[in-house]
Amino acid sequence: MPRTARDVVFVDGVRTPFGKAGPKGLYAQTRADDLVVRAIRELMRRNPSLPPERVDEVAIAATTQTGDQGLTIGRSAAVLAGLPKSVPGYAIDRMCAGAMTAVTTTGAGISFGSYDVAIAGGVEHMGRHPMGEGVDPNPRFLADRLVDPSALVMGSTAENLHDRFPQITKERADAYAVRSQQKVAAAYAAGKIQPDLVPTAIRSAEQGWGLATEDEPPRPGTTMDDLAKLKTPFRVHGNVTAGNAAGLNDGATACLLAAEDVARDLGLAPRMRLVDFSFAGVEPEVMGVGPVPATEKLLARNSLTMDDIGLIEINEAFAVQVLAFLEHFKIADDDARVNPWGGAIAIGHPLASSGVRLMNQLARLFEQRTDVRYGLTTMCVGMGMGGTVLWENVKWEGAK
């Protein structure tokens, strides 16, 4: 019997506060799977009308799937979170777009009718599992000249973008980074970010048990002079620094997706509607430009232009990568539609978890901006990819 596609909605999303990776970071003595379990439990607690047995799938992304990020983490996290044993789960990897892909994959399953309700998210403990841990790149990548050696170092790919877009200077990247810090600080001061955060138990040898309640990476008060003094570790006299790039971070995210009719039957309040998504490949040496073709494909398929997009949440892996996207679409560096509450340069980027952080913030912004119909979440992805998801505001005033 032919099936009719169903509307898919984003019901709710949460995340742990993001920490700095390393022996002194918030989560130095916290397991990765415990971070995502905390997020799943909070998601269920916030939505008490959802019977746990109605969850049809748990898809959790991790880039480094080993140790406490291994063991089919979607299934193991579901069991550890106390969901019924009847609820299946799986792990997924698309590097930085892991959580984004968890959402689009389960969302497609809901649209097709295979699921009614799903949990999707991601986790990355870069302190326990540094990017590239245990990876053994095939020598043919270089021997057959399939990619340049710089393609395997994310910071080097960002330097390559500066080469491709010489008009994007270090000063311009630093100015963008300063604004990101300022916007995050303002959003925190206004209480905009805190509603998404799950207080998370932590411990350290020096201070014992504690509670993480806010992001650790932001550096409020950062100035252009501060950033001008930083080293350029990926190239002598380069452009990319620790100040105009996201750091190495730990954290987890989770969100609740459902068929729109099922959500309403269960008393769940939809916050935004999944319209479409697109992934695209680019040269791995300039992976940061990936969001451009992914977004172009998506807009063309939906007969939209960038003028139709009222909000853009783009992952700030590197300032130059965001600026290349804005440059291509002729969007000003300080356009109010772009990351109104700041981004990963300040908040942090625990790789596979970040896609849902973008969605959380977009959903919150939609609630305040009923004049906006469409929004994008978009990000670049290692090894030369980009992903973009198109969302519709369920509270858009034009629908009335």
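Per chain, the residues get numbers from 1 upward, laid out in the order the sequence is written. Residue-level local features of this predicted model are given only where pLDDT is at least 70; pairs of side-chain atoms are given and counted only at 80 or more, and the full residue set underlies all totals for whole chains, interfaces and linings. Note that the side-chain values use all heavy atoms of the structure and ignore hydrogens as well as water.

Draft legend 1. Focus on the nonpolar core. Put simply, a nonpolar core is a bunch of buried Ala, Val, Leu, Ile, Met, Phe, Trp, Tyr and Cys residues held in one set by side-chain atoms that sit within 4.5 Å of each other. Note on classification: 1.4 Å probe, protein chains only; a residue is buried when its accessible area is under 20% of the maximum for its type, exposed when over 50%, partly exposed between these limits. By size, the foremost hydrophobic cluster in this structure holds 84 residues, and its most contacted members are I40, V58, I119, V123, M359 and W391. Helix and strand definitions follow DSSP, with helices as H or I runs of at least four residues and strands as E runs of at least two, each counted in order from the N terminus. Top contributing element to this core by residue count: helix 1 (residues 32-46), with eight residues. Contact criterion: two residues are considered in contact whenever any of their non-hydrogen atoms come within 4.5 Å of each other. With sequence-adjacent residues up to four places away left out, I40 is seen in contact with V58, I60, A77, A81, L83, I119 and A254. In this structure, V240, A317, A319 and L323 belong to the second largest nonpolar core, which totals 41 residues.

Draft legend 2. Expanded view of unusual backbone geometry. The backbone of L71 sits at a positive phi, close to 60 degrees, despite the residue not being glycine. Residue position: L71 is located in the loop between strand 3 (57-61) and helix 2 (73-80). Positive phi is not limited to glycine here, since M383 has a value of about 65 degrees. Following the sequence through the fold, M383 ends up in the loop between strand 11 (374-381) and strand 12 (385-393).

Draft legend 3. Spotlight on the packing of aromatic side chains. Note on aromatic contacts: the rings of Phe and Tyr and the six-membered ring of Trp form a pair at centre separations within 6.5 Å, being stacked when their planes are under 30 degrees apart, edge-to-face when over 60 apart, and tilted otherwise. Within this structure, the stated rule accounts for three aromatic pairs. Aromatic side chains F277 and F279 sit 6.2 Å apart centroid to centroid with 65 degrees between the ring planes, which places their arrangement in the edge-to-face category. Against the face of F18 rests R15, its NZ or CZ located 4.5 Å from the ring centre. Only when the NZ of Lys or the CZ of Arg is both within 6 Å of the ring centre and within 35 degrees of the ring normal is a charge said to sit over the ring. Against the face of F279 rests R94, its NZ or CZ located 3.7 Å from the ring centre.

Draft legend 4. View of the layout of surface pockets. Put plainly, a pocket is an open set of points on a 1 Å grid over the protein atoms alone with protein on both sides within 12 Å along at least five of seven lines, a cavity is a set where a 1.4 Å probe fits but cannot get out, and a lining residue has an atom within 4 Å of a point. Grid points are joined across faces, edges and corners, and a volume is the space filled by probe spheres set on the points. What the largest pocket holds in volume is close to 540 Å³. Sorting the residues of the lining of the largest pocket by element identifies helix 5 (154-164) and helix 11 (344-347) as the ones contributing at least two each. Considering only residue class, the lining of the largest pocket consists of 20 nonpolar, six polar and two charged. In this model, the second largest pocket occupies a volume close to 420 Å³. Gly is placed with the polar residues, together with every amino acid not listed as nonpolar (Ala, Val, Leu, Ile, Met, Phe, Trp, Tyr, Cys and Pro) or charged (Asp, Glu, Lys and Arg).

Draft legend 5. Quick peek at a nonpolar patch on the surface. Like charges within 9 Å and nonpolar side chains (Val, Leu, Ile, Met, Phe, Trp, Tyr) within 5 Å are joined into patches, using only residues over 30% in relative accessible area that form no salt bridge. All accessible-area figures derive from a Shrake-Rupley calculation using a 1.4 Å probe, and residue coverage is judged against the displayed protein chains alone. Counted as salt bridges are all cases of a side-chain nitrogen of Lys or Arg within 4 Å of a carboxyl oxygen of Asp or Glu. Together, L142, L152, V153 and F234 line one region of the surface with nonpolar side chains, adding up to about 310 Å² of accessible area. Relative to the helices and strands, F234 resides in the loop between helix 7 (224-228) and strand 8 (249-259).

Draft legend 6. Inspection of the UniProt feature "domain: Thiolase C-terminal" (unreviewed entry) in the chain at higher detail. UniProt positions are given in the numbering used here, feature names are shortened, and annotations may be inferred rather than shown by experiment. Per the UniProt entry, the sites bearing "domain: Thiolase C-terminal" (unreviewed entry) are residues 270-390 in this numbering. Between the end C-alpha atoms of residues 270-390 the distance is 16 Å, and the span holds 33% helix and 25% strand.

Draft legend 7. Fine view of the UniProt feature "domain: Thiolase N-terminal" (unreviewed entry) in the chain. When the UniProt feature table is mapped onto this chain numbering, "domain: Thiolase N-terminal" (unreviewed entry) sits at residues 8-261. Taken end to end, residues 8-261 is 31% helix and 19% strand, and its first and last C-alpha atoms sit 9 Å apart.

Draft legend 8. Up close: the pattern of salt bridges. Summed over all chains, the structure comprises 24 salt bridges. The closest approach of N and O atoms between D215 and R15, which form a salt bridge, is 2.7 Å. Of the two residues, D215 is situated in the loop between strand 7 (208-212) and helix 7 and R15 in strand 1 (residues 8-15); the sequence distance between them amounts to 200 residues. Exposure remark for D215: the relative accessible area of 6% places this residue in the buried category.

Draft legend 9. Broad picture of the packing of helix 1 against helix 2. Only the stretch in contact is used when fitting a helix axis, every axis being a line fitted to C-alpha atoms; angles between N-to-C directions are given from 0 to 180 degrees. At their nearest, the axes of helix 1 and helix 2 sit 9 Å apart, and the two run at 60 degrees to each other. On the basis of the axis angle, helix 1 is oblique to helix 2. Of the two elements, helix 1 crosses helix 2, and the hand of that crossing is right-handed. When helix 1 is examined against helix 2, the residues D33, V36, V37, I40 and R41 are found in contact with a partner set consisting of I73, A77 and L80. The class makeup of the residues in the contact of helix 1 with helix 2 is six nonpolar, no polar and two charged. Any angle that is under 35 degrees is reported as roughly parallel, and any over 145 degrees as roughly antiparallel; angles of 65 to 115 degrees are reported as roughly perpendicular and all others as oblique. By convention, the crossing between two helices is left-handed when the near helix turns anticlockwise from the far helix through less than a right angle, and right-handed when the turn is clockwise.

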